[in-house]
Amino acid sequence: MSLLAVLFVGLVAAIHVYIVVLEMFLWTKPRGMKVFRTEPAYAAQTATLAANQGLYNGFLAAGLVWGLVAAEPVAFQAKVFFLACVMVAGLYGAATVSRRILFVQTVPAAIALVLVVLARA
């Protein structure tokens, strides 16, 4: 169970690193506009906001990586805290932007959180 928990936390961190790249560097590029379903004019107007969002997603990824490399009890605490943050952000995004976010962010984080807690038991 412990290895599976580590793999899922790593997956959630990797998803957020990918989101960082999309929001900070590819927002106005074809790949970014395709993923976020935006038009060039909108992407250009909102690039600074997207970069700011990307930075916050970077903090989530960094916190999860910290949880993977830290010693106990900090490792457990960091994983639980940052996975909960990802879940809250995913729920808010799903409610306000796109239901897709629920499946991209919230579900993997919820699975990882359950695995982290079960691995600790």
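Keep in mind it's a predicted model, so treat the numbers as computed, not measured. (Residues numbered from 1 in each chain as written. Predicted model: local features only at pLDDT ≥ 70, side-chain atom pairs only at ≥ 80, totals over all residues. Heavy atoms only, no water.)

### Topic: the overall build of the protein
Here is step 1 of the chain: Within the protein, the secondary structure is distributed over five helices and zero strands.
Here is step 2 of the chain: Starting at the N terminus and ending at the C terminus, the protein contains elements arranged as α-α-α-α-α.
Here is step 3 of the chain: A compact globule built from 121 residues would reach a C-alpha radius of gyration of about 14 Å, and the protein, at 15 Å, matches this within 12%.
Here is step 4 of the chain: With respect to the three principal axes, the spread of C-alpha positions in the protein is 50 × 25 × 20 Å.
Here is step 5 of the chain: For the protein, with 121 residues in total, the buried portion stands at 37%.
Here is step 6 of the chain: Of all intrachain contacts in the protein linking residues separated by at least 6 positions in sequence, the fraction that spans at least 24 positions is 57%. (Helix = DSSP H or I, 4+ residues; strand = E, 2+ residues; numbered from the N terminus. Rg over C-alpha atoms; globule rule 2.2 N^0.38 Å. Buried < 20%, exposed > 50% of the residue type's maximum accessible area, 1.4 Å probe, protein only. Contact = heavy atoms within 4.5 Å.)

### Observations regarding the nonpolar core
In globular proteins that are soluble, nonpolar side chains generally tend to be buried together.
Here is step 1 of the chain: Counting residues in hydrophobic clusters, the biggest one holds 16 residues, and the most contacted among them are V9, V12, L64, L83, V86 and V116.
Here is step 2 of the chain: In contact with V9, other than residues within four places in its own chain, are L64, L68, K79, L83, A112 and V116. (Core = buried A, V, L, I, M, F, W, Y, C linked by side-chain atoms within 4.5 Å.)

### What about the pattern of salt bridges?
Here is step 1 of the chain: The tally for this structure, following the rule as stated, stands at one salt bridge.
Here is step 2 of the chain: A salt bridge links R120 to E72, with the nearest nitrogen and oxygen atoms 3.5 Å apart. One end of the pair, R120, is in helix 5 (residues 100-120); the other, E72, is in the loop between helix 3 (40-69) and helix 4 (74-96), with 48 residues separating them in the sequence.
Here is step 3 of the chain: Residue classification places R120 among the partly exposed residues on the basis of a relative accessible area of 47%. (Salt bridge = Lys/Arg side-chain N within 4 Å of Asp/Glu carboxyl O.)

### With respect to the side chain of T106
Here is step 1 of the chain: With respect to the helices and strands, T106 occurs in helix 5.
Here is step 2 of the chain: With a relative accessible area of 6%, T106 lands in the buried category.
Here is step 3 of the chain: Setting aside chain neighbours within four positions, we find T106 in contact with M87, G90, L91 and I101.

### Observations concerning the UniProt feature "transmembrane region" (unreviewed entry) in the protein
Here is step 1 of the chain: Mapped onto this structure's residue numbering, the UniProt feature "transmembrane region" (unreviewed entry) falls at residues 6-28, 49-69, 75-94 and 101-119.
Here is step 2 of the chain: Taken end to end, residues 75-94 comprises 100% helix and 0% strand; its first and last C-alpha atoms sit 28 Å apart.
Here is step 3 of the chain: Within residues 101-119, the helical portion is 100% and the strand portion 0%, while the C-alpha atoms at the span's ends are 26 Å from each other. (UniProt positions renumbered as here; feature names shortened; annotations may be inferred.)

### Remarks on the packing of helix 1 (residues 2-24) against helix 4
Here is step 1 of the chain: Where helix 1 meets helix 4, the axes come as close as 12 Å, and the angle between the chain directions of the two elements is 50°. As summarised for this structure, helix 1 and helix 4 are arranged oblique, according to the angle between their axes. Here helix 1 and helix 4 pass one another in a crossing that is left-handed. On helix 4, the residues touching V9, V12 and H16 of helix 1 are K79, L83 and V86.
Here is step 2 of the chain: Split by residue class, the contact of helix 1 with helix 4 holds four nonpolar, one polar and one charged. (Axes fitted to C-alpha atoms, helices over the stretch in contact; angles between N-to-C directions. Parallel < 35°, antiparallel > 145°, perpendicular 65-115°, else oblique. Left-handed = near helix turned anticlockwise from the far one by under 90°. Nonpolar A, V, L, I, M, F, W, Y, C, P; charged D, E, K, R; others polar.)

### Description of the environment of L118
Here is step 1 of the chain: Along the chain, L118 falls in helix 5.
Here is step 2 of the chain: Overall, the relative accessible area of 45% leaves L118 in the partly exposed class.
Here is step 3 of the chain: Separated by 116 residues in sequence, L118 and S2 have C-alpha atoms that sit 8.2 Å apart.

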